[in-house]
Amino acid sequence: MIWINNVETPCYVIDERRLRENLEILAEVKRRSGCKILLAQKAYSAFATYPLIAEYLDGCTASGLYEARLGYEELAEPFGRENHIFSPAYRDEEFDEIAGICGHISFNNIHQYEKFKDRAKGASCGIRINPEFSTQEHGIYDPCGEFSRLGATIANFPDLPDGVEGLHFHTLCEQNAEPLCKTMAAVSEKFGKYLGRIKWLNMGGGHHITRLDYDVELLIEEISFERNMYGFDVYLEPGEAVALNAGYLVTTVLDTFRNGMDIAITDASAACHMPDVLEMPYRPNIQGAGLPNEKAFTYRLGGNTCLAGDIIGDYSFDNPLREGDRLVFEDMAIYSMCKNNTFNGIALPSIYLLRENGEHELLKKFGYGDFKGRLS
């Protein structure tokens, strides 16, 4: 990995080879189950790789106007792929543009559909449903939790409105196929009387299909069963699965010192460059590092901001860390680039593409203008 010392830090590096490996798995799921798979841009929207993604997937999905525009301009329109959108509520002044670039529009409830249906311009319209079946413990990521604002419950779904062609649910988060099967059973129990009347069912995202322990066979079996039972098209819209383990965040050690334990300050920040580390929270892997005290030298890694909680985690290394050392965080293609920020005036990381032939290419370098331009 000679390229590690030839890039500016902090930087994200997208691994084209690993991205293709994920896409080949997803393409096999498509082929064997007959489903359609969309890229969820909220997790990964590095559009320089959209031509590669277009070779394998059916299109993309958006959560708002800007994502929809990106998907239309960089994937749907140039490659003839589908462009879908779901939003909890649509802004009146944006809807006509959305309808002009999205072939599928999912609404959060019947009221939103009734409000905008006459302006949908021929798009295939669907409604997001809430099967009220929670499958994971992270409350912040549970759309089926109490008082959820996402999706219509059966109590608020008296009938399938005229003109609605699809139903959409999204209840999973980094999960295997079994929770999907259980969720689908809940959907059938509550909304089964409508399933024979729709043209498509969108099973949302959160499917960790490209993870090593994912039960691909069970997924294919479940999708095939539902398609054969009802005759509708099935959509999946994974984000993480598309670029899982297909990117890195490279950082440089700026300083080391001791305060009860060894501490290292890096030019990568949890708060700015990988906010899910604090939001989830979780501890990202570092190439060559171990758990605390697993190796000879343990350090607490922190970012270069004034936030006391800007802590990436505790790691152990074979050798002492020194100023100028490079560290490589794994699985940083997903969400990190989409959710990063410039808190404290910290620069956004550059973005590189590691080609399949081993060459690396600078896709984007950010500067002071990117920070200042957001503020006034």
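This write-up is about the structure you can find in this document. (Residues numbered from 1 in each chain as written. Predicted model: local features only at pLDDT ≥ 70, side-chain atom pairs only at ≥ 80, totals over all residues. Heavy atoms only, no water.)

## A word on the overall build of the protein
- Looking only at helices and strands, the protein features 12 helices and 16 strands.
- The C-alpha atoms of the protein give a radius of gyration of 22 Å, which matches the 21 Å a tight globule of 376 residues would have.
- Projected onto its principal axes, the C-alpha positions of the protein cover 65 × 45 × 45 Å.
- Classification of the 376 residues of the protein by burial places 53% in the buried group.
- Contacts in the protein between residues at least 24 apart in sequence constitute 67% of all its contacts with a sequence separation of at least 6.
- Accessible area of the protein: about 16900 Å², with a carbon and sulfur share of 47%.
- Here the protein contributes 36 positive and 56 negative side-chain charges, whose respective centroids are spaced 2 Å apart. (Helix = DSSP H or I, 4+ residues; strand = E, 2+ residues; numbered from the N terminus. Rg over C-alpha atoms; globule rule 2.2 N^0.38 Å. Buried < 20%, exposed > 50% of the residue type's maximum accessible area, 1.4 Å probe, protein only. Contact = heavy atoms within 4.5 Å. Areas by Shrake-Rupley, 256 points an atom, 1.4 Å probe, with all protein chains shown as cover. Lys, Arg positive; Asp, Glu negative; His and termini not counted. Charge placed at Lys NZ, Arg CZ, Asp CG, Glu CD.)

## Re helix H7 (residues 216-230)
- End to end, H7 covers 21 Å across 15 residues, agreeing with the expected 21 Å (1.5 Å per residue, within 8%).
- Turning to H7, its buried residues number three or more, namely Leu 219, Ile 220, Glu 222, Ile 223, Ser 224 and Glu 226.
- Along its buried surface, H7 packs onto helix H1 (16-33), helix H6 (177-195) and strand S9 (233-236).
- Backbone geometry just downstream of H7 places Gly 231 in the positive-phi region, at approximately 80 degrees. (Expected span 1.5 Å × (residues − 1).)

## Topic: the side chain of Glu 16
- You can see Glu 16 is positioned in helix H1.
- A residue is classified by how much of its surface remains accessible, and Glu 16, at 12% relative accessible area, is buried.
- In terms of polar contacts, Glu 16 uses its side chain to reach the backbone amide nitrogen of Glu 356, at 3.0 Å.
- Ignoring sequence-local partners within four residues, the contact set of Glu 16 consists of Leu 52, Leu 353, Leu 354, Arg 355 and Glu 356. (Polar contact = N/O pair within 3.5 Å; in protein donor to acceptor, adjacent residues only side chain to side chain.)

## Here we look at the sheet that holds strand S7 (residues 164-168)
- In space, the eight strands of this closed barrel follow the order S2-S3-S4-S5-S6-S7-S8-S9, with parallel pairing throughout. When the angles between neighbouring strand axes are averaged without regard to direction, this sheet yields 25 degrees.
- Sheet topology places strand S4 (residues 82-86) next to strand S5 (residues 104-107); three bridges connect them, and they run parallel. Residue Phe 86 lies in a different strand from S5, and its bridge partner there is Ser 106.
- The strands that helix H3 (residues 65-79) touches are strand S3 (59-62) and S4; relative to S4, the one it contacts most, it runs at about 170 degrees. (Pairing = 2+ DSSP bridges. Axes fitted to C-alpha atoms, helices over the stretch in contact; angles between N-to-C directions.)

## A look at the environment of Glu 279
- Topologically, Glu 279 is positioned in helix H10 (residues 276-279).
- It is 9.0 Å that separates the C-alpha atoms of Glu 279 and Ile 140, two residues lying 139 residues apart in sequence.
- Reaching out from Glu 279, the side chain makes a polar contact with the side chain of Lys 339 at a distance of 3.0 Å.

## Considering a nonpolar patch on the surface
- Judged by side-chain polarity, Leu 278, Leu 307 and Phe 343 come together as a nonpolar surface patch covering roughly 240 Å² of accessible area.
- Here Leu 307 lies in the loop between strand S12 (297-302) and strand S13 (311-317). (Patch = residues over 30% accessible without salt bridge, like charges linked within 9 Å, V, L, I, M, F, W, Y side chains within 5 Å. Salt bridge = Lys/Arg side-chain N within 4 Å of Asp/Glu carboxyl O.)

## With respect to the packing of H3 against helix H4 (residues 92-101)
- Look at H3 against H4: their axes get within 10 Å of each other, and the N-to-C directions meet at 25 degrees. With respect to H4, the element H3 is oriented roughly parallel. For the element pair H3 and H4, the recorded crossing hand is left-handed. From H3, Leu 65, Ala 68, Arg 69 and Tyr 72 reach across to H4, where they touch Glu 94, Glu 97, Ile 98 and Ile 101. (Parallel < 35°, antiparallel > 145°, perpendicular 65-115°, else oblique. Left-handed = near helix turned anticlockwise from the far one by under 90°.)

## Description of the pattern of salt bridges
- Counted according to the given criterion, the structure contains 26 salt bridges.
- The closest approach of N and O atoms between Arg 20 and Glu 55, which form a salt bridge, is 3.5 Å. On the criterion of sequence distance, the pair formed by Arg 20 in helix H1 and Glu 55 in the loop between helix H2 (50-54) and S3 is long-range, its members being 35 residues apart.
- Taking the shortest distance from any N to any O, the salt bridge between Arg 20 and Glu 356 comes out at 2.9 Å. You can see Arg 20 sitting in helix H1 and its partner Glu 356 sitting in the loop between strand S15 (350-354) and strand S16 (360-364), a full 336 residues away along the chain.
- Because the salt bridges share partners, they merge into one network encompassing Glu 16, Arg 355 and Glu 361.

## A short note on the packing of aromatic side chains
- Applying the stated rule across the entire model yields 14 aromatic pairs.
- Geometrically, the ring pair formed by Tyr 90 and Phe 95 is edge-to-face, given 5.5 Å between the ring centres and 75 degrees between the ring planes. Accessibility classification places Tyr 90 together with Phe 95 in one group, the buried group.
- Each residue in the set Tyr 90, Phe 95, Phe 107, Tyr 113 and Phe 116 is aromatic and connected to the rest through ring pairs, giving one cluster.
- Lying across the ring of Phe 86, Arg 128 places its NZ or CZ 4.8 Å from the centre. (Phe/Tyr/Trp six-rings, centres within 6.5 Å; stacked < 30°, edge-to-face > 60°. Lys NZ or Arg CZ within 6 Å of the ring centre and 35° of its normal.)

## Side note on the pairing of strand S6 (residues 124-128)
- The buried count for S6 comes to five of five residues, which makes it a mostly enclosed element.
- Taking every second residue as pointing to the same face, both faces of S6 are buried, with Ser 124, Gly 126 and Arg 128 on one and Cys 125 and Ile 127 on the other.
- In this structure, S5 lies alongside S6, joined through four bridges in parallel fashion. Its bridge partner lying in S6, Phe 107 is registered against Ile 127.
- The β-α-β motif built from S5, the intervening helix H5 (residues 110-116) and the parallel element S6 has right-handed crossover chirality. (Right-handed = clockwise from strand over helix to strand, strands pointing away.)

The quantities given are spatial measurements derived from coordinates; they are silent on function.
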